[in-house]
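Listed here are the chains, written in short residue letters.
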Amino acid sequence: MKKIIFAVFLILTSFQILSAQKKSDFDLITSGKWHLEYVEMAGQKMKLPVEMQKNSWVIFHSDGKQEGMEEGRKYIGKWEFDKLKKIIRTDDLDGKVDQKLISVSENKLIVSVKEQGADMIMGMTK
């Protein structure tokens, strides 16, 4: 009987761990403050200095509100997530911009945007 109870306990614990690991993209995107770590264009990756990383950030709130800072200027905007197309659509200082979600995890957010006709990849960390 103890073996059966222990087996059931292990199974339930495994399911809880797996479900906790399967956070949705939306939940991960809205999980905190994202600091711009690097920008990549035409295969050239440029890591931002630490001070610039501190002053270049964004928070995506689950209610569609967006807060951020660019070049030391704070701003408020709106955002939405198209989970089928994996597009983060923002409306802020830069106007309306579609950012293609490349990947997101607990500590890393990577998106691609069109900047003057060229693809630009932005890597962000918490």
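Preceding this paragraph is the structure being described.
Bear in mind that the values here come from a model prediction, so they are computed numbers and not experimental data.

Cut-offs applied
Sequence positions are assigned chain by chain, starting from 1 and proceeding in written order. This being a predicted model, a pLDDT of at least 70 is required before a residue's local features are given, and a value of 80 or more before pairs of side-chain atoms are given or counted; all residues contribute to the totals for chains, interfaces and linings. As a convention, hydrogens and water are excluded, and side-chain values are obtained from all of the structure's heavy atoms. Strands qualify as paired when DSSP identifies two bridges or more between them. Only DSSP runs of H or I covering at least 4 residues are called helices, and only runs of E covering at least 2 are called strands; the numbering of each starts at the N terminus. What is meant by a nonpolar core is a set of buried Ala, Val, Leu, Ile, Met, Phe, Trp, Tyr and Cys residues, joined one to another through side-chain atoms within 4.5 Å. The cut-offs for exposure are 20% and 50% of the maximum accessible area for each residue type, with area from a 1.4 Å probe on protein chains only; residues under the lower value are buried, those over the upper are exposed, and the others partly exposed. Throughout, a contact is declared for two residues whenever any of their heavy atoms are within 4.5 Å. Two rings belonging to Phe, Tyr or Trp (six-membered ring only in the last case) form a pair when the distance between their centres is within 6.5 Å. Interplanar angles under 30 degrees mark stacking, angles over 60 mark edge-to-face geometry, and anything in between is tilted. Charge over a ring is defined by NZ of Lys or CZ of Arg lying within 6 Å of the ring centre and within 35 degrees of the ring normal.

Draft legend 1. Representation of the pairing of strand 8 (residues 108–115). Sheet topology places strand 7 (residues 95–104) next to strand 8; four bridges connect them, and they run antiparallel. Of the residues in strand 8, the one forming a bridge with V104 is L109. Hairpin connection, strand 7 to strand 8: the antiparallel pair is bridged by three residues. As defined by bridge partners, strand 8 adjoins strand 9 (residues 118–125) across eight bridges and the pair is classed as antiparallel. If you follow V111 over to strand 9, its bridge partner there is M122.

Draft legend 2. View of the nonpolar core. One finds I29, F60, I88 and L109 to be the most contacted residues of the largest nonpolar core, which totals 20 residues. Elements represented by at least two residues in this core include exactly helix 2 (25–29), strand 1 (33–41), strand 3 (57–60), strand 5 (73–82), strand 7, strand 8 and strand 9. Each residue touching I88, except ones within four places of it in the same chain, is listed here: I29, F60, W79, E80, F81, V97, D98, Q99, L109 and V111.

Draft legend 3. Just the packing of aromatic side chains, in detail. Under the definition given, this model contains two aromatic pairs. With 5.6 Å between their ring centres and 15 degrees between their planes, F26 and W79 make a pair best called stacked. On the criterion of sequence distance, the pair formed by F26 in helix 2 and W79 in strand 5 is long-range, its members being 53 residues apart. Given the relative accessible area of 6%, W79 is considered buried. Here the guanidinium or amino end of K33 rests over the ring plane of W57, the centre of that ring lying 4.2 Å away.

Draft legend 4. Local environment of the pairing of strand 4 (residues 65–70). With four bridges joining them, strand 3 and strand 4 adopt antiparallel strand pairing. Pairing of F60 across the sheet is with Q66, part of strand 4. Adjacent in sequence and paired antiparallel, strand 3 and strand 4 are bridged by four residues, among which G64 carries a positive phi angle near 95 degrees. Alignment of strand 4 against strand 5, held across six bridges, turns out to be antiparallel. Opposite M69, over in strand 5, you have K74 as the bridge partner. In textbook terms, the turn of a hairpin is the stretch between consecutive antiparallel strands, and for strand 4 and strand 5 this stretch comprises two residues, one of which, E71, has a positive phi near 50 degrees.

The values reported here are purely geometric and, on their own, carry no functional implication.
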